[in-house]
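Summary of the model geometry
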Amino acid sequence: MGTRPTIQKVADLAGVSRGTVDRVLNNRPHVNEDVRERVLCAIREIGYISPRESYRQQLDASLQPFSLGVLLPNWEGQFRTEVERGIRRACSELEESNVRVLIRRCETDLPQEAVDLLEAMRAEGTAGFAVCAVNDPSVEGWIAARTAEGIPCVTFNSDLPGSRRLCFVGQDIYAAGRVAAGLLYKCTSGQGPVLATVGNLKFDGHRRRLNGFRDRLEELGFPAGHLTVRETYNDYEATFRAVREAIEEKPGLRGVYMANLSVSGCCAAIEQAGKKGQVHVVCHDINEGIRHLLRSGSIDFTIPQDLEQQGYAPLLLLRDHIRKKKPLEPDRFHGQISILCAENFEFQPPVKAEDRIPSHLTKEIRFR
C-alpha cells in the first residue's frame, strides 16, 4: 500500500508472469483472452502506467495549446521598437510549441485601464501574464489574486514589487541610477545645481532609478538642495521646457540626469541656451539619436539596457514554467551595467529598423 505500481505487482495480482503482462501491454499475440482481461483488470486496479504510456502522456501535455498575455504601457520610441522586436522573436518560437500570445497596450497611465486589459485577456483563458504597467495597488492586487489562483505573472522593465509576481525581468534599475549619479558627480566635479528629469513616477522602474541616483549623490556628499527633479513623462516638449526653465532659473546649472526617453529634447534646450559643453548630460539606453548626440558631444555618458531581451525572456520563462514546471527566480537582471561614451559606443551593434508587431495581434480594448 502506498508504493509505486510496478509490472511485477500487476503480474502477482493477475497470477501470471511478467512476460505475459509485457505481451498484454504491447498488444502481442498468443495471449488467452481470459488471461488478457485478467491482466487489464489488474492494471486498472493498481493504476499501473507503463513507461511508454507515461512518456506519451507527458508528450501530450507538452503539446497542449494555451495562451500567454502581454500588457505593455503606452510608451513609444525605442522602448516600443525594441521590446516589440523581442516579443516577435518569442512569438515565432512559441508558435512551434502551440502557444498563442495575446498582446494589449495601454493608451493611458490610468490603473483601471491596465486592470481592464488584463481582465479581458484572462477572460480569454490566458494561462500566464507578462506585465509592464503603472505601479498601483489595483494592478498589484489583480496580479496577487492571479498568483494565488496558480496563474503565473512575470513583470518586465518596470516592476510591481507588491504584486507577489513570480519574477521580474530587466536591468537592476536602482543600481543603474547609482551608476548615473557617480558619472554625473565626476562630470560636474561634485558641484551643483543639477537637474534630474524622470518619465513617470507612477512606474516603479522610474522611481527606483531616481532613488538610486539620489541615494548615491547623498553618499557622495552632494547637497540635496542642489538637486531639482522634474517629471516629464517621456515627452519631448515637456523635457525641453523643463531643461530650459532649469537653465533660466539656475544659470549655473552644471548637469542634467536624463532618467527618461526624451534625451533629444534635453540636448536641444541646452544647445539653444548656448550651454553645450557647460551642462553635462548622463542618460540611459542607446539608439541612433543617442549615438549622434554622443558623437557630437551633447551627451557625456549613457547606460544601455537590453530592451529586446525584456520583451523576449518573460514569454519563454512563462512557457517553461507552465509546461516544464521550472521554478522562476524572483529577479532576472540582465548582465552587468555598461557605460557608453563617445569613445566606445561604436562597438555597440546598431539598432535595427523592423516592423512593429502586426496590428491584429495588438488589438487594443479601449478604456472607457
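Just so it is clear, the structure is predicted and the values come from calculations on it, not from any experiment.

Turning to the overall build of the protein chain, a few remarks are in order. The secondary structure content of the protein chain amounts to 13 helices and 11 strands. The 368 residues of the protein chain split such that 48% are buried. Here the protein chain displays about 17900 Å² of accessible surface, and carbon together with sulfur accounts for 50% of that area.

On to empty space enclosed by the protein. Tallied over the full model, the rule gives 4 cavities of 30 Å³ or more. Considering only enclosed or pocket space, the largest cavity measures out at about 150 Å³ in volume. Looking at the lining of the largest cavity, the element that brings in the most residues is helix H9 (residues 204-219), giving 3 residues. Here the lining of the largest cavity is composed, by residue class, of 6 nonpolar, 6 polar and 2 charged. The computed volume of the second largest cavity comes to approximately 70 Å³.

Their axes nearest at 6 Å, the elements helix H5 (residues 77-96) and helix H13 (residues 307-324) cross at an angle of 35 degrees. Note on packing geometry: the crossing formed by H5 with H13 is right-handed. In this structure, H5 uses Gln78, Phe79, Glu82, Val83, Arg85, Gly86, Ile87, Arg89, Ala90, Glu93 and Leu94 to contact H13, whose residues at the interface are Leu307, Glu308, Gln309, Gly311, Tyr312, Leu315, Leu316 and Arg319. Taken together, the residues of the contact of H5 with H13 sort by class into 9 nonpolar, 4 polar and 6 charged.

So, on to unusual backbone geometry. Omega for the bond connecting Gly192 with Pro193 falls within 30 degrees of zero, at 0 degrees, which places this linkage in the cis form. Tracing the backbone shows Pro193 in the loop between helix H8 (173-187) and strand E6 (194-198). For His30, which is not glycine, the phi torsion reads 65 degrees and is therefore positive. By the element assignment, His30 lies in the loop between helix H2 (18-25) and helix H3 (33-46). The exposure class assigned to His30 is exposed, which follows from its relative accessible area of 77%.

Here helix H10 (residues 236-249) contains 14 residues, and its C-alpha end-to-end distance of 20 Å stays within 8% of the 20 Å for a straight helix at 1.5 Å per residue. Among the structural elements, E6, strand E7 (227-231), strand E8 (255-259) and helix H11 (263-272) are those in contact with the buried residues of H10.

The rules we used
- All chains use their own residue numbering, which begins from 1 and follows the written sequence.
- Given that this is a predicted model, residues contribute local features only at a pLDDT of at least 70 and side-chain atom pairs are listed and counted only at 80 or more, while totals for whole chains, interfaces and linings are drawn from all residues.
- Side-chain metrics in this entry use all non-hydrogen atoms of the structure; hydrogen atoms and water are not considered.
- The way it works is that DSSP assigns letters per residue, a run of H or I at least four long becomes a helix, a run of E at least two long becomes a strand, and they are numbered from the N terminus.
- Exposure categories follow from relative accessible area, calculated using a 1.4 Å probe and restricted to protein chains: below 20% of the type maximum is buried, above 50% is exposed, and the middle band is partly exposed.
- The Shrake-Rupley method, run with a 1.4 Å probe, gives the accessible areas here. Residue values count only the displayed protein chains as cover.
- A cavity here means a set of 1 Å grid points, computed over protein atoms only, where a 1.4 Å probe fits but cannot escape. A pocket is an open set with protein on both sides within 12 Å along at least 5 of 7 lines, and lining residues have an atom within 4 Å of a point.
- Grid points are joined across faces, edges and corners, and a volume is the space filled by probe spheres set on the points.
- Amino acid classes used here: Ala, Val, Leu, Ile, Met, Phe, Trp, Tyr, Cys and Pro are nonpolar; Asp, Glu, Lys and Arg are charged; the rest, including Gly, are polar.
- Lines fitted to C-alpha atoms define the axes, with helix axes restricted to the stretch in contact, and inter-axis angles between N-to-C directions lie between 0 and 180 degrees.
- Left-handed describes a crossing whose near helix is turned anticlockwise from the far helix by less than a right angle; the clockwise case is right-handed.
- Residue contacts are defined here by distance: any two heavy atoms, one from each residue, within 4.5 Å place the two residues in contact.
- A helix is expected to span 1.5 Å multiplied by its residue count minus one.

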